[in-house]
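Observations on the model geometry
Here is what each chain is made of, one letter per residue.
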Amino acid sequence: MKDILNYLTAKSVKILTQSSQSFISLRALRFALACLAVTLIACSEKKTEETHEEEKSQTEAALTESQYKTVGIETGFVEERNLNKIIKANGYTTVPPQNSAEVSTLIGGTVKDIYVLEGTFVNKGKVLATIQNLEVIEIQEDYHSAAANVEYLQLEYNRQKTLSDENVNPRKTFQEVKAKLAAERARAQAAKNKLEALHVGTKGSSSLVPIVAPISGYVGKISIAKGAFAQTGVSLFEVVDNSQMHLDLNVYEKDLGSISIGQVIDFVLTNQSNKSIKGKIFGINKSFSNESKTVAVHAKIDPADAKDLISGMYVSANINIVNATVPALPKDAVVRNADKYFVFVQEEEHKNEKTKETEIHFKAIEVIPGTTDLGFTEIKFVDRIATDAKIVTKGAFYLLSAMKGGGEHEH
């Protein structure tokens, strides 16, 4: 452009120098300046057209009819859907205190046998292991001795009572027998209570003490080994009943006003995001859990869904607050590009002048997504669009890739 200008300027000067008073020279000068103006306008229009084409390519995608069929593009219209407003919360699975047991022994001893493995389901009263302690034999002997004395003293009591009633023997003798009988009965009952607490029978004589499951459930951690010494007050087994599993969700202070008992929640396990499980809120704590200013919200899980869960699993949950009718599209219609969200609107068909093929054009329209529920996503358009616009509901992911030239994309 600069060379053309210099050339025309030099040419004009030369013409003026040769014929400064000539009418023809004036016409030549005017002609040169007109050529310069036309050239400048043409270049400007070309640059504007290129910029427009570049911007257009960043917001549009085009498919041939064959590509359209191969990809399986489907279109639809914005619908008014009844979607749940939600509050997002994180938490973990847990079981009530009455459904989890730490099994220990009331008397120390050497571990004789272990009958279960971790993960084994056991019923309440099932013997998990046995320990050996010779003191148990002494307790049994105390019981047998006291029981024998009770039997003897009962006969003596009956005899002395008859004699006392007939004033044959002094009443003092009868009172002494009565006191001894009561003492032996108490000793026998105490020994029996000890044996029952140890789950040992009163008949026979054995040094083995069974360790039994206090609840039905799955055996967790086993903290003993055969031949080791089991101490009192130390957990030997863990038994957990997962049938009453529930969630402890952490809800922030700003959301507490929207939470109430009976609300339904949908949650997914952090490592299994494809499986959604439902629950229902049954309790809300009245104090903050920690420094993060969250309150624990408790939700029941259906026993049929809880059977494959274990305590301590982290979850992401949606607490369903209220239903609202909002404009929505199938969730696959909304795609993400960088930090913005788009849907594609199908435009009129055009004929490619180079390939002579019919092309179907699509334009990316920015939207703001909202609640997602039942496979639909609430949307708000950044700019107005026609109410009868045909929006791509299937294949938007492919169009985003085509618009970006097949580069990286997010969905």
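Please read all numbers here as calculations on a predicted model, not as lab measurements.

Moving on: the packing of helix H4 (residues 135-165) against helix H5 (residues 171-197). Contact geometry for H4 and H5: axes closest at 7 Å, N-to-C directions at 155 degrees. What the angle tells us is that H4 and H5 run roughly antiparallel. Crossing of H4 over H5 shows left-handed handedness. Residues that form the contact of H4 with H5 fall into these classes: 14 nonpolar, seven polar and 11 charged.

To summarise the sheet geometry, strands pair through backbone hydrogen bonds and adopt either a parallel or an antiparallel arrangement. Strand order in the open sheet made by the four strands is E4-E11-E9-E6, with antiparallel pairing throughout. Whereas interior strands pair on both sides, the edge strands pair on one side only; in this sheet they are strand E4 (100-103) and strand E6 (121-122). Bridge analysis of E6 against strand E9 (residues 217-222) gives two bridges, and the strand direction is antiparallel. Of the residues in E9, the one forming a bridge with Phe121 is Tyr218.

This part takes up a negative patch on the surface. Taken together, the side chains of Glu135, Glu138, Glu141 and Asp142 present a region of like negative charge at the surface. Along the chain, the position of Asp142 falls in helix H4. Relative accessible area serves as the criterion here: at 40%, Asp142 is assigned to the partly exposed category.

So, on to the side chain of Thr93. Among the secondary structure elements, Thr93 is positioned in strand E3 (residues 79-94). If we ignore the near neighbours within four places in the chain, the residues touching Thr93 are Met245, His246, Leu247, Leu309, Ile310, Ser311, Gly312, Met313 and Val315.

On to the pattern of salt bridges, then. All chains considered together, the criterion is met by six salt bridges. With a closest N to O distance of 3.4 Å, Arg81 and Glu79 form a salt bridge. For Arg81, a relative accessible area of 27% corresponds to the partly exposed category. Notably, a salt bridge pairs Lys254 with Asp255, separated by 3.4 Å at the nearest N-O pair. Overall, the relative accessible area of 14% leaves Asp255 in the buried class.

The next subject is H4. In this model H4 runs 44 Å from its N-terminal to its C-terminal C-alpha over 31 residues, within 8% of the 45 Å that 1.5 Å per residue would give. The set of residues buried in H4 consists of Val136, Ile139, Gln140, Tyr143, Ala146, Val150, Leu153, Glu156, Tyr157, Gln160, Leu163 and Ser164. Among the structural elements, H5 and strand E8 (208-212) are those in contact with the buried residues of H4.

With that settled, consider the packing of aromatic side chains. Applying the stated rule across the entire model yields three aromatic pairs. Both rings, one in Phe121 and one in Tyr218, keep their centres 5.2 Å apart while their planes meet at 70 degrees; by these two values the pair is edge-to-face. Of this pair, Phe121 sits in strand E6 while Tyr218 sits in strand E9; the two residues are 97 residues apart in sequence, bridging distant segments of the chain. Residues Tyr157 and Phe174 carry aromatic rings whose centres are separated by 5.2 Å and whose planes lie at 35 degrees to one another, so their mutual orientation is tilted.

What follows deals with helix H7 (residues 396-403). By the burial criterion, the buried members of H7 are Ala396, Leu399, Leu400, Ser401 and Met403. Where H7 ends, the next residue or the one after it, Gly405, has phi of about 75 degrees, a positive value.

Right, let's get into the nonpolar core. Counting residues in each nonpolar core, the largest one holds 29 residues, and the members touching the most others are Leu128 and Phe237. In terms of residue count, the dominant contributor to this core is H4 (four residues). Phe237 has contacts with Ala101, Glu102, Val103, Ile114, Val116, Leu128, Ala129, Ile211, Val219, Lys221, Ile222 and Ile224, leaving out every residue within four places of it along the chain. If you look at the next biggest cluster of nonpolar residues, it comprises 23 residues, including Ala89, Leu269, Ile277 and Ala299.

What counts and what doesn't
Residues numbered from 1 in each chain as written. Predicted model: local features only at pLDDT ≥ 70, side-chain atom pairs only at ≥ 80, totals over all residues. Heavy atoms only, no water. Axes fitted to C-alpha atoms, helices over the stretch in contact; angles between N-to-C directions. Helix = DSSP H or I, 4+ residues; strand = E, 2+ residues; numbered from the N terminus. Parallel < 35°, antiparallel > 145°, perpendicular 65-115°, else oblique. Left-handed = near helix turned anticlockwise from the far one by under 90°. Nonpolar A, V, L, I, M, F, W, Y, C, P; charged D, E, K, R; others polar. Pairing = 2+ DSSP bridges. Patch = residues over 30% accessible without salt bridge, like charges linked within 9 Å, V, L, I, M, F, W, Y side chains within 5 Å. Areas by Shrake-Rupley, 256 points an atom, 1.4 Å probe, with all protein chains shown as cover. Salt bridge = Lys/Arg side-chain N within 4 Å of Asp/Glu carboxyl O. Lys, Arg positive; Asp, Glu negative; His and termini not counted. Charge placed at Lys NZ, Arg CZ, Asp CG, Glu CD. Buried < 20%, exposed > 50% of the residue type's maximum accessible area, 1.4 Å probe, protein only. Contact = heavy atoms within 4.5 Å. Expected span 1.5 Å × (residues − 1). Phe/Tyr/Trp six-rings, centres within 6.5 Å; stacked < 30°, edge-to-face > 60°. Core = buried A, V, L, I, M, F, W, Y, C linked by side-chain atoms within 4.5 Å.

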